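# Reading the structure
These are the residues of each chain, in order.
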Amino acid sequence: AGLRMLQRGGNAVDAAIATAITLTVVEPVSNGIGSDLFAIVWDGSGLAGLNASGRAPAAATASRYAGSAGMPQRGWEAVTIPGAVSGWVALSKRYGRLPFADLFEPAVRYARDGWLVSPVIAAQWQRAAATATPTGSSRRTSTKRRVGRVRCAVCSSSISPASRCRSRRSNR
């Protein structure tokens, strides 16, 4: 995604944003649109920093969590208001060369046409599916639940999501 933006005349900021947007499609476990963004940008004359981290909801006060052992790890109370998308917009407006909408083209193509899922991501998706409920709370589920097979991103062999490809090329 980033290379495509550079080939179209974009700069490093366009490439980074397009890559981040694409990662929300192909690796959402670690790079979802509900994430935060921190950036340090050199514009040729100086450094600029951006903190686009999520803010806590208004109801998340210290008194609400008084007596708790810690912050919740799952569910709505563990969520901040996402900052990544506002960070993409801010960076694109200030430093980008390409139209903001163009930066989404690679992600849209992957979402529409598909992509090879790596064994690591497939296993993460399977673990998450086993504990997720419609309300976001954690629960135990049967490990017998079948998740479809995926293709190894390195050798294209068909594997189950919880296994590793046996190809020597993919295990380096």
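Nothing here was measured: the structure is a model prediction, and the numbers come from that model.

### Brief notes about the overall build of the protein
- Looking only at helices and strands, the protein has six helices and four strands in total.
- Secondary structure of the protein in N-to-C order comes out as α-α-α-β-β-α-α-α-β-β.
- Of the roughly 11,400 Å² of accessible surface on the protein, a fraction of 56% belongs to carbon and sulfur atoms.

### Some points on the environment of Asn11
- Its place among the elements puts Asn11 in the loop between α1 (2–7) and α2 (12–26).
- Separated by 85 residues in sequence, Asn11 and Gly96 place their C-alpha atoms 6.7 Å apart.
- Here Asn11 is in contact with Leu6, Tyr95, Gly96 and Arg97, once residues within four sequence places are set aside.
- At 2.9 Å, the side chain of Asn11 forms a polar contact with the backbone nitrogen of Asp14.

### Some details on the nonpolar core
- Grouped together as the largest cluster of nonpolar side chains are 17 residues, with contacts concentrated most on Ile17, Leu37, Leu91 and Leu103.
- Of all the secondary structure elements, the ones that give two or more residues to this core are α2, β1 (37–42), β2 (47–52) and α4 (84–95).
- Residue contacts for Ile17: discarding those within four places in its chain leaves Trp88, Leu91, Ser92, Phe100 and Leu103.

### Quick notes on the packing of α2 against helix α5 (residues 105–113)
- The geometry of α2 relative to α5 is characterised by a closest axis approach of 8 Å and an angle of 15° between their N-to-C directions. Relative to α5, the element α2 lies roughly parallel. Considering the relative orientation of α2 and α5, their crossing is right-handed. For the pair formed by α2 and α5, the contact residues are Ile21, Thr22, Val25 and Val26 on the first element and Pro106, Ala107, Tyr110 and Ala111 on the second.
- A class-by-class count of the residues in the contact of α2 with α5 yields seven nonpolar, one polar and no charged.

### Some words on the packing of aromatic side chains
- Summed over the entire model, instances satisfying the criterion amount to two aromatic pairs.
- With centroids separated by 6.4 Å and ring planes inclined at 75°, the aromatic side chains of Trp88 and Phe104 adopt a geometry described as edge-to-face. Taken together, the residues span a long stretch of sequence, with Trp88 in helix α4 and Phe104 in the loop between α4 and α5 at a distance of 16 residues.
- Given a relative accessible area of 27%, Phe104 falls into the partly exposed group.
- The interplanar angle of 80° and the centroid separation of 5.2 Å between the aromatic rings of Phe100 and Phe104 together place this pair among those described as edge-to-face.
- The class of Phe100 is partly exposed, set by a relative accessible area of 26%.
- A connected cluster of aromatic rings, assembled from ring pairs, spans Trp88, Phe100 and Phe104.
- Between the NZ or CZ atom of Arg109 and the centre of the ring of Tyr110, over which it lies, the distance is 4.6 Å.

Conventions used here
Residues numbered from 1 in each chain as written. Predicted model: local features only at pLDDT ≥ 70, side-chain atom pairs only at ≥ 80, totals over all residues. Heavy atoms only, no water. Helix = DSSP H or I, 4+ residues; strand = E, 2+ residues; numbered from the N terminus. Areas by Shrake-Rupley, 256 points an atom, 1.4 Å probe, with all protein chains shown as cover. Contact = heavy atoms within 4.5 Å. Polar contact = N/O pair within 3.5 Å; in protein donor to acceptor, adjacent residues only side chain to side chain. Core = buried A, V, L, I, M, F, W, Y, C linked by side-chain atoms within 4.5 Å. Buried < 20%, exposed > 50% of the residue type's maximum accessible area, 1.4 Å probe, protein only. Axes fitted to C-alpha atoms, helices over the stretch in contact; angles between N-to-C directions. Parallel < 35°, antiparallel > 145°, perpendicular 65-115°, else oblique. Left-handed = near helix turned anticlockwise from the far one by under 90°. Nonpolar A, V, L, I, M, F, W, Y, C, P; charged D, E, K, R; others polar. Phe/Tyr/Trp six-rings, centres within 6.5 Å; stacked < 30°, edge-to-face > 60°. Lys NZ or Arg CZ within 6 Å of the ring centre and 35° of its normal.

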